[in-house]
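# Per-entry structural report
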Amino acid sequence: GYEGQCDWITHTFRYGGAALTMKTVQDCFKVDVDRYVRVNFNAFEKGINILGGIDITLTPKEAQALNVEIKEEKLHPGLNYLNGSLALRYSRLRRIDSDWKRIERQRAVIQAALNKAKEKSIFTLNELADTILPMVQTNLTKAEITSLLWNLPGFLNEEGLIEQMTIPTYDTCWNDVGIDGRKLIGVDFTANAQILQEFFYEEP
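In this report, we go over the structure that sits alongside the text. (Residues numbered from 1 in each chain as written. Predicted model: local features only at pLDDT ≥ 70, side-chain atom pairs only at ≥ 80, totals over all residues. Heavy atoms only, no water.)

### A few points about the overall build of the protein chain
On a plain count of helices and strands, the protein chain comes out with eight helices and six strands. Secondary structure of the protein chain in N-to-C order comes out as α-β-α-β-α-β-α-α-α-β-α-β-β-α. In the protein chain, buried positions account for 33% of the 204 residues. When contacts within the protein chain are restricted to residue pairs at least 6 apart in sequence, long-range pairs at least 24 apart make up 62% of them. Element-wise, carbon and sulfur atoms account for 54% of the exposed surface of the protein chain, whose accessible area totals about 13000 Å². One way to put it: in the protein chain the 23 positive side-chain charges average out to a point 9 Å from where the 28 negative ones average out. (Helix = DSSP H or I, 4+ residues; strand = E, 2+ residues; numbered from the N terminus. Buried < 20%, exposed > 50% of the residue type's maximum accessible area, 1.4 Å probe, protein only. Contact = heavy atoms within 4.5 Å. Areas by Shrake-Rupley, 256 points an atom, 1.4 Å probe, with all protein chains shown as cover. Lys, Arg positive; Asp, Glu negative; His and termini not counted. Charge placed at Lys NZ, Arg CZ, Asp CG, Glu CD.)

This is the structure:
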């Protein structure tokens, strides 16, 4: 009854699990996807804590918004130490600006976590894998995850950063309405597929 209408791409997981989500990404963005990791909030918090927390630079608005929610020592504009709970709250902040800014915050957390992980011993990385794996759904084996963590420095550039981008790009999408009047973002999939191809496969 919904043929020809649009829905959130995240709902493919509800309709057909990881297999349908991966197939949808393959079909829409023309990239090879055969691995997935589904992480819940508990795994996120525990993972950050095992790494010893992360350092994040907060804007005045971000610090103010987080301080409304916490009882512990207050945060301030500039560089702050965030434990797992605070990192999760930071990653979920949206009401102070936009979903695009929230995505930037999530990417900042990923980079900060990788910065911590690259400094850790194999024992800490094993602890991280042992703690996180029971709380995530993935078709990666523990050996594959441990190998990825151990080889992390090789994935970073000279500045110690990973190359990141947000898809869809801001100028290739628009506000739209889908099934049952749901607000969603319409996407030019052809344009974004080309952008991803260039990002992944073309030499800088």
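### Section: the nonpolar core
Core analysis: the largest hydrophobic core is formed by 31 residues, its most contacted members being I54, I56, L58, L75, L82 and Y90. Sorting the residues of this core by element identifies α2 (41-50), β2 (54-58), α3 (60-69), α4 (84-92), α5 (99-117), α6 (122-132) and α7 (142-150) as the ones contributing at least two each. For this core, the element with the highest residue contribution is α5, accounting for five residues. When sequence neighbours within four positions are dropped, the list of residues in contact with L58 reads A63, L66, L75, H76, P77, G78, N80 and Y90. (Core = buried A, V, L, I, M, F, W, Y, C linked by side-chain atoms within 4.5 Å.)

### Remarks on the environment of A43
Within the secondary structure, A43 sits in helix α2. For A43, a relative accessible area of 3% corresponds to the buried category. Spatially, the C-alpha atom of A43 lies 8.4 Å from that of L133, the residues being 90 residues apart in sequence. Ignoring sequence-local partners within four residues, the contact set of A43 consists of I132, M135 and V136.

### A look at the pattern of salt bridges
Within the structure shown, the criterion is met by eleven salt bridges. Two residues, K101 and E104, come together in a salt bridge whose shortest N-O distance is 3.6 Å. Here K101 and its partner E104 are both found in helix α5, three residues apart, which amounts to about one turn of the helix. Given a relative accessible area of 38%, K101 falls into the partly exposed group. In this structure, the salt-bridge partner of D180 is R182, at a minimum N-O distance of 3.8 Å. Take D180: its relative accessible area is 57%, and that puts it in the exposed class. The structure contains a network of salt bridges with shared partners spanning D7, D180 and R182. (Salt bridge = Lys/Arg side-chain N within 4 Å of Asp/Glu carboxyl O.)

What is shown is where atoms sit, not what they do.
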